[in-house]
Amino acid sequence: MSQVLDIDHTDLCIKSNSSSHHTELFEDDRLIVRRGQPFSLVLHLTPSSNEFKPEETSFTLIVEMGPLPRKESYTKASFGLSKSTVDGTWSASATHDPSGKTVSLSINSSPNAPIGVYTLTLDQSGKKISLGQFTLLYNPWCRSDAVYMRSETKRQEYVLTQNGQIYRGTQKRISGTPWIFGQFEKGILDICFKILDDNPKFVSDANKDCTARRSPIYVTRVLSAMINSNDDSGVLVGNWGEISDGVHPGNWVSSGDILRQWAESGPVRYGQCWVFAAVACTVSRALGIPCRVVTNFGSAHDTNANLVIENLYNEDLERISGGDSVWNFHVWVDSWMTRPDLGSEFDGWQTSDPTPQETSEGCFCCGPAPVKAIKEGELTKKYDAPFIFAEVNADVEDLVRLSNGNFVKLSGSTKSVGHFISTKAVGSDERRDITHQYKYPEGSKDERKVYEKAKHHNKLRQHGEKPGLHLKIKLTDNMIVGATFEVYAVVTNNNKEAKTCNCLFFAQAVSYNGKEGDGCGYASEKIEVPSEGEMRLPLKLEYKNYGQAITSDRLIKLSALTIDKQTIDFHKAEKTIVLDQPELHIKLVGEAMVNQPVTVELTLLNSLPESLQDCSFTIEGVGLTDGKPITAKIGSAGAKQEAKAKIEFRPTKAGSSMLLVNFDSDKLKNIKNSINIIVKD
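Residues numbered from 1 in each chain as written. Predicted model: local features only at pLDDT ≥ 70, side-chain atom pairs only at ≥ 80, totals over all residues. Heavy atoms only, no water.

Structural notes on the overall build of the chain
Inclusion rule: The secondary structure listing takes helices from DSSP runs of H or I that are at least 4 residues long and strands from runs of E that are at least 2 residues long, numbered from the N terminus. Residue contacts follow a heavy-atom distance rule, with two residues in contact if any of their heavy atoms lie within 4.5 Å. Accessible surface is estimated by sampling points in the Shrake-Rupley manner with a 1.4 Å probe; for residues, cover comes only from the protein chains shown.
Looking only at helices and strands, the chain features 13 helices and 37 strands. Projected onto its principal axes, the C-alpha positions of the chain cover 110 × 60 × 40 Å. For the chain, restricting intrachain contacts to residue pairs at least 6 apart in sequence, the fraction spanning at least 24 positions comes to 66%. Here the chain has roughly 28900 Å² of accessible surface; of this, 46% comes from carbon and sulfur atoms.

Topic: the sheet that holds strand β2 (residues 32–34)
Just so we agree on the cut-off: What makes two strands pair is DSSP finding at least two bridges between them. To get an axis, a line is fitted to the C-alpha atoms, and for a helix only the part in contact is used. The angle between two axes follows their N-to-C directions and goes from 0 to 180 degrees.
Spatially, the five strands line up as an open sheet ordered β2-β9-β8-β4-β5, and their pairing is mixed. In the strand order of this sheet, the two ends are held by β2 and β5 (76–79), each with one partner. Going from strand to strand, the sheet's axes swing by 30 degrees on average, the running direction of each strand aside.

Comments concerning the sheet that holds strand β34 (residues 630–637)
Read across the sheet, four strands follow the order β34-β33-β36-β37 without closing on themselves; strand pairing throughout is antiparallel. Each edge of the sheet is formed by a strand with only one pairing partner; in this case those strands are β34 and β37 (671–679). For this sheet, the mean inter-axis angle between neighbouring strands, taken without regard to orientation, is 20 degrees. Taken together, the six bridges between strand β33 (residues 612–620) and β34 define a ladder with antiparallel strand orientation. Bridge pairing links Phe 617 to Ala 632 in β34.

Here we look at the packing of aromatic side chains
Selection rule: Only Phe, Tyr and Trp rings are paired, with Trp represented by its six-membered ring, and only when their centres lie within 6.5 Å; those with planes under 30 degrees apart are stacked, over 60 edge-to-face, the remainder tilted. Burial classes: relative accessible area under 20% of the type maximum marks a residue as buried, over 50% as exposed, and values in between as partly exposed (1.4 Å probe, protein chains only). Whether a charge lies above a ring is judged from NZ of Lys or CZ of Arg, which has to be within 6 Å of the ring centre and within 35 degrees of the ring normal.
Evaluation of the coordinates by the stated rule reveals 19 aromatic pairs. Here the aromatic rings of Trp 332 and Tyr 438 are separated by 5.9 Å at their centres, their planes lie at 55 degrees, and the arrangement is tilted. Of this pair, Trp 332 sits in strand β17 (residues 325–337) while Tyr 438 is found in helix α11 (residues 435–438), placing the two residues 106 residues apart along the sequence. In this pair, the class of Trp 332 matches that of Tyr 438, namely buried. Joined through ring pairs, the aromatic side chains of Trp 240, Trp 274, Phe 276, Phe 297, Trp 327, Phe 329 and Tyr 512 make up one cluster. The side chain of Arg 168 reaches across the aromatic face of Trp 274, ending 3.8 Å from its centre. The positively charged end of Arg 536 is found above the aromatic ring belonging to Tyr 488, 5.6 Å away from the centroid.

Brief notes about the layout of surface pockets
Defined as follows: Using only the protein atoms, space was sampled on a 1 Å grid; points where a 1.4 Å probe fits but cannot get out form cavities, open sets with protein on both sides within 12 Å along at least five of seven lines form pockets, and lining residues are those with an atom within 4 Å of a point. Grid points are joined across faces, edges and corners, and a volume is the space filled by probe spheres set on the points. By the convention adopted, Pro, Cys, Tyr, Trp, Phe, Met, Ile, Leu, Val and Ala count as nonpolar, Lys, Arg, Asp and Glu as charged, and the other residues, Gly among them, as polar.
Approximately 830 Å³ is the volume found for the second largest pocket. Those elements giving two or more residues to the lining of the second largest pocket turn out to be β26 (499–510) and β27 (516–529). Top element by residues in the lining of the second largest pocket is β27. It accounts for three residues. Of the residues in the lining of the second largest pocket, the class split is eleven nonpolar, eleven polar and nine charged.

Some points on empty space enclosed by the protein
Rolling a probe over the atoms, with the probe sized like a water molecule, indicates the empty space that remains. Counted according to the given criterion, the structure contains two cavities of 30 Å³ or more. In this structure, the largest cavity encloses a volume near 70 Å³. Lining of the largest cavity is provided by Glu 157, Tyr 158, Gly 164, Gln 165, Phe 181, Arg 285, Arg 292, Val 293, Thr 423 and Lys 424. Within the residue set of the lining of the largest cavity, elements represented by two or more residues are α2 (152–160), β10 (163–170), β14 (291–301) and β22 (419–424). Of the residues contributing to the lining of the largest cavity, the split by class is three nonpolar, three polar and four charged. In this model, the second largest cavity occupies a volume close to 40 Å³. Together, Thr 220, Leu 223, Ser 224, Ala 280, Ser 284, Val 333, Ser 352 and Pro 354 line the second largest cavity.

Next comes the structure, spelled out in structure tokens:
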């Protein structure tokens, strides 16, 4: 008969397990392990307990997760002792010290087990004792896990790195915005599991939902729905209009602040695409799914799934409202995993988009779709491949509706969409261009084959330059917010005779998602362009006109038109410019030491010809500011004068970290910079 052990207490060996499972960065004081990899614990026996003897002592270990643990649902497993743990399944082995008063257990989890919080129970012939709880995550270090990633440097970047860069602007002016993902901050992991538990699929069938958490495909799709709040009580409310309540999307600098606010009081106001993507990246990395934030410049929003963005104009070249649009940039996430549902050729990066744009299977979610399927035009592959394909590969047609109802093609392009697709480089803050992963070079034979496969019958033919009028927009240097500068509409004539036309040139504020705002500049002139010559129409942009019109994105859309109604000859050129912002200077005074105060000096030159009110500097950094932002309000800063502040903080962790700084005021908003700080013991 098996001898029963009398257990005094259990040591979960949190420190050693955390080190071997790459979970030591979590600030939560509990056992967090990754699936498919053994972890250890020690049973301390009472003085009166029977001695552990492998040949005489046997017991069963039971692991359970979710509200309705069942073996057939993979949310419960029972297993006895083996000579050694067995890869690929729940198993355990045991050894004892010479005194016989401690038993060391090694427990191996299945690499296909659902992620979540588990209870661990010891059953000795019907006598059960709880050994504690542990949290099980996906394991990019385990070859049998669906999220296995071969490269250690990539695992460090896409799973363990807590700071990053998110790229915004225009394809001519790409700028990186620092972001604190903070996936290991205290309490964040619990919030990530709360997101899964609050999703409607869990509410309607908790057992089925917990079972499905075996698959990172399923979890990633749930996250793409739950990061936005359109169909549920998800994390973020989107807002691309005027904001009179809540937090402007540009003010956010970290995911942790958003997630904690959601856990306390529900959907957080407000987010836009880069905020949705950053939060999705934080949650994915926390759960163990390798994840990167991706920006697409010239990103199409194809509402009718015909892979063509159709811009309609009247005869005065005024835009007729329609559903399609091209955003200056759009941000989503790629997550790394296998696709057993599609075949191994589609393993690797999978695109998902948590920004609420179109519904999929009845709710606002998008993906995951294999990046390889997007590149190859395999639009039947799950999930939402046609929408994502259009974001990077749609054609654009500009059509003029004449008074008789007919349409005349104004212009068309196969090259307007999907440029400079960007993500942060592995191991550095440099930008990495990954356009080649999403699409073949425009005009190549491979690209043509892809479009045929995608049944894209509206591909516009590429034309060489024809004789006639041609129109482009030329910019100037030093376009900093607050300055006065000129831009030019340049009309060239390749005809053998002079040409006369009306030239219109106007500017208007625009948001990053393409939503047009107020006008801020206009010029028009009837011009005669000599044969083989050019004419320029200047447009002066003054702060007094554009200052109140632009949003915090600092984007101005320039549109130039030439019109000859007699010959029905229209030409149009557009260019979106992003105004440079003044540089925020950061200087660390002295050396950063753990638990010692250190000061940072912050300076920003007000580039505007008027005073700034409500000026403030805010700093934040993992291990630097105790998980909370520190703000210094400094009042006003005069025109062309410097705003200055000194902020003291007390680092709590040794090592390298990033200090993110944000400047805000009534007129200059969300100006960010960062420095790397080495904190010494």
